[in-house]
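Here is how the chains run, residue by residue.
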Amino acid sequence: NQLSLFGEAALKFDGSAAVPEASKAGTVSGAALAGAIWTPAYGRKLAILGRYMAPSYGKGWSGAALGFGNQWMSATADAARDIAREISQYKTIIQFKPSFALDSLSSVKPSARVNIRWKPGDDNPLRAELRGDISLARGPWVLAGRYDALWCNGFAWLWYAEAGRV
């Protein structure tokens, strides 16, 4: 049972901050993030993150993220807003990645990932990806394949297989 806390802050001064005249005084902007990772038991983690970026700091997303992971799966959710451009986006990723030993020389490693992004106000607000992988190993030999499907402006897909010796 372990809790880790972290954080970071940054300040940005534009080049005119050193000029003494009030009319030419520079600006100061900042960014910060803070979070926590909790490991309640071996192989399990929960995380939370908050971040802020001042509009004058530059391109960046303020918001919050949550995450969970164990030996077989992980899930994240992220809500963010670009304050300077006044746009928001919401993302989630769920991944399953089990591994099975068939015998002392063989294993199967399937995985599946779903990635969804919603960006209200965008020309294509919804982007969804589904990806599946499988790897079969027997001694030094490996056979692997992947299928990836993407929905956004339209539909796209990809699949491949490969075999080799490690």
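Quick note: structure is the one above.
Residues numbered from 1 in each chain as written. Predicted model: local features only at pLDDT ≥ 70, side-chain atom pairs only at ≥ 80, totals over all residues. Heavy atoms only, no water.

1. Brief notes about the overall build of the chain
- From N to C terminus, the chain includes 0 helices and 11 strands.
- Ordering the α and β elements of the chain from the N terminus gives β-β-β-β-β-β-β-β-β-β-β.
- Its C-alpha atoms give the chain a radius of gyration of 22 Å, clearly above 15 Å, the size a compact globule of 166 residues would have.
- Expressed as lengths along the three principal axes of its C-alpha atoms, the size of the chain is roughly 75 × 45 × 30 Å.
- Burial status across the chain gives 21% buried among its 166 residues.
- Residue pairs in contact within the chain that sit at least 24 positions apart in sequence constitute 32% of those at least 6 positions apart.
- Summing over all exposed atoms, the chain offers an accessible surface of approximately 11200 Å²; the carbon and sulfur share of this is 62%.
- Between the mean site of the 19 positive side-chain charges and the mean site of the 13 negative ones, the chain shows a separation of 6 Å. (Helix = DSSP H or I, 4+ residues; strand = E, 2+ residues; numbered from the N terminus. Rg over C-alpha atoms; globule rule 2.2 N^0.38 Å. Buried < 20%, exposed > 50% of the residue type's maximum accessible area, 1.4 Å probe, protein only. Contact = heavy atoms within 4.5 Å. Areas by Shrake-Rupley, 256 points an atom, 1.4 Å probe, with all protein chains shown as cover. Lys, Arg positive; Asp, Glu negative; His and termini not counted. Charge placed at Lys NZ, Arg CZ, Asp CG, Glu CD.)

2. A word on the side chain of Lys 119
- Here Lys 119 lies in the loop between strand S8 (106-118) and strand S9 (126-138).
- For Lys 119, which is buried and forms no salt bridge, the nearest opposite charge comes from Asp 122, at a distance of 4.8 Å.
- Those residues in contact with Lys 119, other than ones at most four positions away along the chain, are Trp 61, Ile 87, Ser 88, Gln 89 and Pro 125. (Salt bridge = Lys/Arg side-chain N within 4 Å of Asp/Glu carboxyl O.)

3. Topic: the packing of aromatic side chains
- A complete count under the given rule lists 3 aromatic pairs for this structure.
- When the ring of Tyr 147 is compared with that of Trp 157, the centres are 6.4 Å apart and the planes differ by 25°; the resulting orientation is stacked. Within this pair, whereas Tyr 147 is found in strand S10 (residues 141-151), its partner Trp 157 is found in strand S11 (residues 155-165), the two being separated by 10 residues in sequence.
- Cation over ring: Lys 12 sits above Tyr 57, and NZ or CZ is 5.7 Å from the ring centre. (Phe/Tyr/Trp six-rings, centres within 6.5 Å; stacked < 30°, edge-to-face > 60°. Lys NZ or Arg CZ within 6 Å of the ring centre and 35° of its normal.)

4. Quick notes on the pairing of S8
- Taken together, the 7 bridges between strand S6 (residues 87-96) and S8 define a ladder with antiparallel strand orientation. Each bridged residue has a counterpart across the sheet, and for Phe 96 the counterpart in S8 is Ala 112.
- Sheet topology note: the strand S7 (residues 100-101)/S8 ladder contains 2 bridges and is antiparallel. Bridged to Phe 100 within S8 is Val 108.
- With antiparallel pairing between neighbouring strands as the criterion, S7 and S8 make up a hairpin whose turn holds 4 residues.
- Looking at chain direction, S8 and S9 are connected through 13 bridges and run antiparallel. Counterpart to Lys 109 in the pairing with S9 is Ser 135. (Pairing = 2+ DSSP bridges.)

5. A few points about the environment of Ala 156
- Note that Ala 156 resides in strand S11.
- The exposure class of Ala 156 is partly exposed, given its relative accessible area of 39%.
- Each C-alpha atom, one on Ala 156 and one on Val 28, is 44 Å from the other, the two residues being 128 residues apart in sequence.
- Ignoring sequence-local partners within four residues, the contact set of Ala 156 consists of Asp 148, Ala 149 and Leu 150.

6. What to know about the pairing of strand S2 (residues 28-41)
- Two strands pair when backbone bridges link them, and strand S1 (residues 2-13) and S2 are joined in this way by 12 bridges, in the antiparallel orientation. By the bridge assignment, Leu 5 is partnered in S2 with Ala 36.
- Hairpin remark: S2 followed by strand S3 (residues 44-53), antiparallel, with 2 residues in the connecting loop; positive phi at Gly 43, about 85°.

7. With respect to unusual backbone geometry
- Phi at Glu 86 takes a positive value of approximately 55°, unusual for a residue other than glycine.
- Relative to the helices and strands, Glu 86 is located in the loop between strand S5 (73-82) and S6.

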